[in-house]
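The lines below spell out each chain.
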Amino acid sequence: MKRRFTTPIYGIRCHYGAWWLSRRFEAITWFGHIFFNCTKDELAAKLHSPALLRTERHERIHLLQARSFKTRYLGFYTLYVAWWLRNLVRYRNAMKAYYNIPFEREAYENEHQEEYPATHWRDYRPMA
């Protein structure tokens, strides 16, 4: 029987073995689930670590962001990719483009907060 993992605070469904995820990233939120690029045993060991709690808060912010769109994930992922492409042209560096997506800026800046009740990603858009 497959053991199910959920995050300790918010109960977000977790998956391990995301071989397709770049090693630069620990996890990704995809349609309400968190995918980790580690093994089952590594994820089980992480479940109550401070690092996983930070990752859980970061990914939960992305869930809040997706819920701020009428079309939920469709709007979120469309705008996410559009921001990344815009930034890629601007910075000519994939990682710099990633870190400057308003969704990522908000998530990284607030992942330390235990209670983050609502998204404010629009406040992280660059000024003109």
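Here, the structure is the one placed above.
Residues numbered from 1 in each chain as written. Predicted model: local features only at pLDDT ≥ 70, side-chain atom pairs only at ≥ 80, totals over all residues. Heavy atoms only, no water.

**Description of the overall build of the chain**
Check the secondary structure of the chain and you find 5 helices and 4 strands. Along the chain, from the amino end to the carboxyl end, the secondary structure elements read β-β-β-β-α-α-α-α-α. Its C-alpha atoms give the chain a radius of gyration of 15 Å, near enough to 14 Å, the size a compact globule of 128 residues would have. The principal-axis extents of the C-alpha atoms in the chain amount to approximately 50 × 30 × 25 Å. Across the 128 residues that make up the chain, the buried fraction comes to 41%. (Helix = DSSP H or I, 4+ residues; strand = E, 2+ residues; numbered from the N terminus. Rg over C-alpha atoms; globule rule 2.2 N^0.38 Å. Buried < 20%, exposed > 50% of the residue type's maximum accessible area, 1.4 Å probe, protein only.)

**Quick look at empty space enclosed by the protein**
The final tally for this structure, using the stated rule, is 1 cavity of 30 Å³ or more. Of the pockets and cavities examined, the largest cavity occupies roughly 30 Å³. Lining the largest cavity are Tyr10, Arg57, Arg60, Ile61, Gln113, Glu114, Glu115 and Tyr116. Here the residues of the lining of the largest cavity are counted per class, giving 3 nonpolar, 1 polar and 4 charged. (1 Å grid on protein atoms, 1.4 Å probe; cavity = no way out; pocket = protein on both sides within 12 Å on 5 of 7 lines; lining within 4 Å. Points joined across faces, edges and corners; volume = space filled by probe spheres on them. Nonpolar A, V, L, I, M, F, W, Y, C, P; charged D, E, K, R; others polar.)

**Observations concerning helix 3 (residues 73-91)**
The α-helix advances 3.6 residues per turn, and as a result positions three or four apart in sequence lie on the same side. For helix 3, which comprises 19 residues, the first-to-last C-alpha distance of 26 Å matches the rise-based estimate of 27 Å (1.5 Å per residue) to within 8%. For helix 3, the complete set of buried residues consists of Tyr73, Gly75, Phe76, Tyr77, Tyr80, Trp83 and Asn87. The first or second residue beyond helix 3 is arginine 92, which carries a positive phi of 55 degrees. (Expected span 1.5 Å × (residues − 1).)

**Some words on the packing of helix 2 (residues 50-67) against helix 5 (residues 102-110)**
For any two helices packed against each other, one specifies the inter-axial angle together with the distance between the axes. Across the interface, helix 2 lies against helix 5 with an axial gap of 9 Å and an inter-helix angle of 140 degrees. With respect to each other, helix 2 and helix 5 are oriented oblique. In this structure, helix 2 crosses over helix 5, and the sense of that crossing is right-handed. Mapping the contact onto sequence places His58, Ile61, His62 and Gln65 in helix 2 and Phe103, Glu104, Glu106, Ala107, Tyr108 and Asn110 in helix 5. Each residue belonging to the contact of helix 2 with helix 5 can be placed in one class, and the counts come to 4 nonpolar, 4 polar and 2 charged. (Axes fitted to C-alpha atoms, helices over the stretch in contact; angles between N-to-C directions. Parallel < 35°, antiparallel > 145°, perpendicular 65-115°, else oblique. Left-handed = near helix turned anticlockwise from the far one by under 90°. Contact = heavy atoms within 4.5 Å.)

**Examining the pairing of strand 4 (residues 33-36)**
Across 2 bridges, the pairing between strand 2 (residues 13-15) and strand 4 is parallel. Its bridge partner being in strand 4, histidine 15 is matched across the sheet by phenylalanine 35. Between strand 3 (residues 27-30) and strand 4, which pair antiparallel and follow one another directly, the connecting turn spans 2 residues, one of which, phenylalanine 31, has a positive phi of 50 degrees. (Pairing = 2+ DSSP bridges.)

Function cannot be inferred from these measures alone, as they are strictly geometric.
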